[in-house]
Amino acid sequence: MRVGIVCFFLLLGMVSYGQSDVSVGWLPKINLSSKLGATTKWVNSIETRELVYKDRIRFLHKLVDVSSLISIKTDINQSLNLGYILRIEDRELVHRLFQQYNIVHNIASFKLGHRIGVEEHFPEKSKPFYRGRYRVSVQKALQGTKLDVHEFYIKFGHECVYHFNDKSLEIRFSPYVGYQASKKDKVEVGVEYRANDLLADFNTHRFWFRTTWYISL
Amino acid sequence: MSKSCFLFLFFSLLCVSVLAQIKIEKEYSVTPKQVPVKALAFMQKLSIKNRIKWYGEESHTGKSFEAKTKYQGKRYSMEFSEKGIIEDVEVTIRFKKLPLKIQRAIKKSLAKRFIKFRIKKVQLQYTGSETDLMKQIKGMTKLLPKYELVLKGKKAGPYCLYEFLFSNNGSTIESELKFAPDNFENLEY
């Protein structure tokens, strides 16, 4: 844990030293899922983006994402997600459709999750754009080989997001600590580092403090 | 619907629901200090050089302790009662390494229960006295094992995870447990 915190501040220091564009903020999210049938779930979420630092300390509400998806289990450890996100940013609405496929493996005491997806964005005031993404996540229970109620876990995620129109690549790294509060809900707290325009100009760095509450109804 | 039809349906559903018990198990890491002395003594007699991981387990059968380690190239799991008495020794093995006769018997039994199935994990389970189990681990005797399988199987509905315990000859199912569904929403959404 201490190593992680030191690495985070070292990275923050490194990227802030040069002529970089650095911003820091908070992404709180609630994720609600309910079973529709033996193999389908309906998942809804709301996430906001609050900016805390950009050039100077400031507190600014940036956007809200309201999402709804249907998750179809295709196998014990695989699922297909089909969804829609409505983004409200600076009074502009952006409609997004997405399709994702998930595979989760149990390897010894680790869970390894792969998520691959494509998105179609339809902003009100500009042309549609399209993105592809791949995320790999690793989770480990901190007490025992499997996660039980009232136990903590750690999770690391790495995601690549490719913007087809701009031909730009964004990478994201995110370590989390989570807590299985009950059989039906868990809370995660972590930091997500995002680097934009990796292929052109490795100059935009964003740090988001993430808090997510997953609730199964 | 007549009363007799309703009663027939009710009891039929009741029978179906008890066929596969749900496997509910809580597991947590424990330190050697939290393990009964008898269990520690058993493991010390084996003089295992590899790291031993200890776990406490609470399930439908009660509380127990488990030691997991690698010994002579094999993955072992030794289960002890709450008082530290050795209950069984399990060794992980690949299904294809089982005698052909046993493989066929197990597949035949599973084919009667499932439309489709895939075996994910197999363990040889040895039970007996402390002396017999010690000798078995050291390779000084050959006890007849039972076969514990974890598999994904499809009956009428979607695939689910099950744990089966087969007898020494592989043809009799001694227990069938269904795993409670795993939740990994935080890896999917």
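Here we summarise the structure given alongside this text.

The rules behind the values
Residues numbered from 1 in each chain as written. Chains lettered and ligands numbered in written order. Predicted model: local features only at pLDDT ≥ 70, side-chain atom pairs only at ≥ 80, totals over all residues. Heavy atoms only, no water. Pairing = 2+ DSSP bridges. Helix = DSSP H or I, 4+ residues; strand = E, 2+ residues; numbered from the N terminus. Axes fitted to C-alpha atoms, helices over the stretch in contact; angles between N-to-C directions. Contact = heavy atoms within 4.5 Å. Buried area = accessible area lost by both parts, 1.4 Å probe. Salt bridge = Lys/Arg side-chain N within 4 Å of Asp/Glu carboxyl O. Polar contact = N/O pair within 3.5 Å; in protein donor to acceptor, adjacent residues only side chain to side chain. Buried < 20%, exposed > 50% of the residue type's maximum accessible area, 1.4 Å probe, protein only. Arc of directions from axis to C-beta.

1. As for the sheet that holds strand E10 (residues 173-179) of chain B
Residue and element names in this part refer to chain B.
Piece 1. If you trace the ten strands from one edge of the open sheet to the other, you get E1-E10-E9-E8-E7-E6-E5-E4-E3-E2, paired in mixed fashion. Strands with a single pairing partner mark the edges of an open sheet, and in this sheet they are strand E1 (21-23) and strand E2 (25-29). Averaged over neighbouring strand pairs, the angle between their axes works out to 30 degrees when direction is ignored.
Piece 2. Of the pairings in the sheet, the one linking strand E3 (residues 53-59) to strand E4 (residues 62-71) comprises seven bridges and is antiparallel in character. Counterpart to Ser-59 in the pairing with E4 is Gly-62.
Piece 3. Its contacts with the sheet place helix H2 (residues 37-46) against E3, E4, strand E5 (74-81) and strand E6 (86-93), and it is angled at close to 150 degrees to E5.

2. Observations concerning the interface of chain A and chain B
Piece 1. Between chain A and chain B, the residue contacts involve 38 residues of the former and 20 residues of the latter.
Piece 2. Between chain A and chain B, the buried area comes to about 2400 Å², and carbon and sulfur atoms account for 47% of it.
Piece 3. Applying the counting criterion to the chain A and chain B interface returns two salt bridges.
Piece 4. For the salt bridge of Lys152(B) with Asp75(A), the shortest nitrogen-to-oxygen distance reads 2.7 Å.
Piece 5. Counting across the interface, chain A meets chain B through 17 residue pairs in polar contact (both at pLDDT 80 or more).

3. Overview of H2(B)
For an α-helix, 3.6 residues make a turn, and residues three or four places apart therefore share a direction.
All names here are of chain B.
Piece 1. Within H2, the full set of buried residues consists of Ala-39, Phe-42, Met-43 and Leu-46. For H2, the buried positions fall inside an angular range of 90 degrees around the axis, keeping them on one side. Away from its buried face by more than 90 degrees, H2 exposes Val-37, Lys-38 and Gln-44.
Piece 2. Contacts made by the buried residues of H2 are with E3, E4, E5, E6 and helix H4 (130-138).
Piece 3. Downstream of H2 by one or two residues, Ser-47 has phi in the positive range, about 50 degrees.

4. Details of the side chain of Ser33(A)
Piece 1. With respect to the element layout, Ser33(A) can be found in strand E1 (residues 21-35).
Piece 2. Reaching out from Ser33(A), the side chain makes a polar contact with the side chain of Glu185(B) at a distance of 2.5 Å.
Piece 3. In contact with Ser33(A), not counting residues within four places along its chain, are Lys41(A), Trp42(A), Val43(A), Ile215(A), Ser216(A), Leu217(A) and Glu185(B).

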